[in-house]
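Survey of secondary and tertiary structure
Here are the chains, one letter per residue:
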Amino acid sequence: MTPAEGPRPDTEVVFDPATYVEGVPFGALARLRRDTPVAWVPEVPVLGWPEGPGFWLVLRHTDVESVLTKPKLFSSSLGATQIRDPATPQALGYVQRMMLNMDPPEHSRLRRLLSRSFTPRAVAQLEDRIRGHARAVCERAFTKPRGECDFAKDVAADLPLLTLADVLGVPEQDRWLLFDWSNRVIGYQDPDYATSAEFDPAAGTPMAAEALAQRPVPDSSGRMPDPRTREGMPDLYAYAHLLAEQKRRHPGDDVMSILLAQADEGGGQVSAAEFENMFWLFAVAGNETLRNGLPGACIALLEHPDAQDRLRAEPALMGAAADEMLRWWTPVMTFRRTATAECDLGGQRIRAGDKVVVSFTSANRDEAVFADPDRFDIGRHPNPHLVFGHGPHFCLGAHLARTQLRALFEEVLARTSSLTYAGPPSYLRSNFQRGVKRLPVAWTA
């Protein structure tokens, strides 16, 4: 920054995806929360993206809850849920068919069908398998008296993939497809992730081979098609279609097989397109959020060795600690809504059609709700964090996410007497996901 430029405004710092490579700008968020709790943010051109119309950023816990509980006033569907507008009306129409980007009553119908598919028996089976997966992952990673590993890749990446493969009924040998798909969608602002290709086609099923034949390739400038469009993810949709056909022929006891057999109040079933969109949502959102939440939780413990020691001495604290890890890290930082009518929010006049973006990162550090909010306190109670959202779109996978986090760290802490940094972590370039690309850790058994 040259002296002539002067400091950048907090709104620009908070919006710029490149900011987050160095870490979350908590200072800028705290100043905005105090001075302009509903702040106008210009969408300046960044990363080759053109200028956008701008949006209202909602920073206080109470206002974020208010937005999320009023779907009639703050729509998920009108402009979808990402800050940046879809590029074309066709692209908007495509994302509007996903549950994440629906409003009641369409959203309510699909959510009911999905909720009913998470039967107590299916969830109990998933919990058992999660604990087994966590044990197997840690047995592989922590084998010697001491060692080093990349916690993000060697420990945290596998558990959400294995769990999702169980939920979706994806054969185990295809699970790294889920890794690549979520990298491409969440990491489209980051050159390391946009062309992810970790899956080995030789090891996969014939379904995977058929789907991969449709995988897009970078253009002459090295850019992939926008993965938030159907054209950007043809391989994912082809795989979902083949998987649904297989499940209708040979249903298993996984959640998606149960879902495909469900009927709604009118006797209708989940359509092929609805299943494909739901598969996208689980494969990407279900994987990525936790894949960043787990290394984020590890960073919380690396920065607070006293909390590590306390959890080793008192494993019963892990339930409360898991929620504090999630609050302290907050993997999904923002979600967007669109105002359907003129209204007041936090003392600010909002016009119909304005973008309204809630900051979970800011809400989860709101001094009005959390005493000493920057402190990592594994005994924090109450802890009304908004990591899983709020209102009608509250995350359906919240219980499974908490189970994975508890299971993994119970195993990690039981197998180690110390965890320390073995090098600096590397963060995702994104203003949406607080992502961890690399996390070198050293451990002693």
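That block above? That's the structure.
Rules and cut-offs
Every chain begins its residue count from 1, and numbering advances along the sequence as written. Since the coordinates come from a predicted model, pLDDT governs what is reported: local features require at least 70, and pairs of side-chain atoms require 80 or more to be given and counted, while whole-chain, interface and lining totals use all residues. To get the side-chain values, take all heavy atoms of the structure and skip hydrogens and water. In this description a helix means any DSSP run of H or I spanning at least four residues, a strand means any run of E spanning at least two, and both kinds are numbered starting from the N terminus. For the exposure calls, accessible area comes from a 1.4 Å probe over protein chains only, and a residue counts as buried if that area is under 20% of its type's maximum, exposed if over 50%, partly exposed in between. Contacts were defined at the residue level, with two residues in contact if any of their heavy atoms lie within 4.5 Å. In protein, a polar contact means a hydrogen-donor-capable atom and an acceptor-capable atom, both N or O and within 3.5 Å, with residues adjacent in sequence counting only if both atoms are side-chain atoms; elsewhere, any N or O pair within 3.5 Å suffices. Between any two strands, at least two bridges found by DSSP are needed for them to pair. Under this scheme, a helix contributes an axis fitted over its contacting stretch, all axes are lines through C-alpha atoms, and angles between N-to-C directions fall in the 0 to 180 degree range. Here the expected span of a helix is defined as 1.5 Å times the quantity of residues minus one. To sort the angles, those under 35 degrees are grouped as roughly parallel, those over 145 as roughly antiparallel, those from 65 to 115 as roughly perpendicular, and the leftovers as oblique. When the near helix sits turned anticlockwise from the far one by under a right angle, the crossing is termed left-handed; a clockwise turn instead gives a right-handed crossing. Asp, Glu, Lys and Arg are counted as charged, while Ala, Val, Leu, Ile, Met, Phe, Trp, Tyr, Cys and Pro are counted as nonpolar; the rest, among them Gly, fall into the polar class. Stacked, tilted and edge-to-face are the three classes assigned to paired rings of Phe, Tyr and Trp, where Trp is represented by its six-membered ring and a pair needs centres within 6.5 Å; plane angles under 30 degrees give stacked, over 60 edge-to-face, the rest tilted. Both a distance and an angle decide whether a charge sits over a ring: NZ of Lys or CZ of Arg must be within 6 Å of the ring centre and within 35 degrees of the ring normal. Salt bridge, as applied in this entry: a Lys or Arg side-chain nitrogen positioned within 4 Å of an Asp or Glu carboxyl oxygen.

Here we look at the environment of G293
Its location among the elements puts G293 in helix α13 (residues 272–303). The exposure class of G293 is buried, given its relative accessible area of 3%. Excluding residues within four positions of it along the chain, G293 makes contact with W329 and P331.

With respect to the side chain of N101
Along the polypeptide, N101 turns up in the loop between α4 (89–95) and α5 (106–117). Polar side-chain contacts of N101 include one of 2.5 Å to the side chain of T81. Leaving out residues up to four positions away in the same chain, N101 has contacts with S76, S77, A80, T81, V95 and Q96.

Things to note about the sheet that holds strand β9 (residues 418–421)
Across the sheet, 3 strands lie side by side as β4-β12-β9; this open sheet has antiparallel pairing. Of all the strands in the sheet, just β4 (146–150) and β9 have a single pairing partner and so form its edges. Averaged over all pairs of adjacent strands, the angle between their axes in this sheet comes to 25°, without regard to strand direction. Across 4 bridges, β9 lies against strand β12 (residues 440–444) in antiparallel orientation. Residue pairing across strands places Y421 opposite V441, the latter belonging to β12. Strands β9 and β12 of the sheet are contacted by α13, whose axis makes an angle of about 100° with β9.

Let's talk about helix α17 (residues 398–415)
In this model, α17 (18 residues) spans 26 Å end to end at C-alpha, consistent with the 26 Å of a helix rising 1.5 Å per residue. Those residues of α17 lying buried are A398, L400, A401, T403, Q404, L405, A407, L408, F409, E411, V412 and L413.

Regarding the packing of α13 against α17
It is at 11 Å that the axes of α13 and α17 come closest, and there the two elements cross at 40°. In terms of axis orientation, α13 runs oblique to α17. Both α13 and α17 take part in a crossing whose hand is right-handed. For the pair α13 and α17, contact is made by L290, L294, A297, C298 and L301 and by A401, Q404, L405, L408, F409 and L413, respectively. Class assignment for the residues of the contact of α13 with α17 results in 10 nonpolar, 1 polar and no charged.

Let's talk about the packing of aromatic side chains
All chains considered together, the criterion is met by 17 aromatic pairs. With centroids separated by 6.1 Å and ring planes inclined at 40°, the aromatic side chains of Y239 and F279 adopt a geometry described as tilted. With a gap of 40 residues between them, Y239 in helix α11 (residues 234–249) and F279 in helix α13 connect regions that are remote in the sequence. With a relative accessible area of 1%, Y239 lands in the buried category. What makes F279 buried here is its relative accessible area of 0%. Geometry around F370 places R327 over its ring, the cationic atom sitting 5.2 Å from the centre. Its end group placed over the ring of W329, R434 keeps NZ or CZ at 3.5 Å from the ring centre.

So, the pattern of salt bridges
Enumeration according to the criterion identifies 34 salt bridges in this entry. Measuring nitrogen to oxygen at the nearest pair gives 3.6 Å for the salt bridge that ties R312 to D309. With R312 and D309 both in helix α14 (residues 305–313) and 3 residues apart, the pair spans about one turn of that helix. Residues joined in a network through salt bridges with shared partners are E43, D85, R336 and K355.

Observations regarding the packing of helix α8 (residues 158–168) against α13
One can describe the packing of α8 onto α13 by two numbers: an axis separation of 9 Å at closest approach and a directional angle of 155°. Between α8 and α13, the crossing angle belongs to the class labelled roughly antiparallel. Pair α8 / α13 crosses with right-handed handedness. On the side of α8, the interface is formed by L159, P160, L161, L164, V167 and L168, while α13 contributes F279, F282, A283, G286, N287, L290, R291 and L294. Here the contact of α8 with α13 is built from residues that sort into 11 nonpolar, 2 polar and 1 charged.

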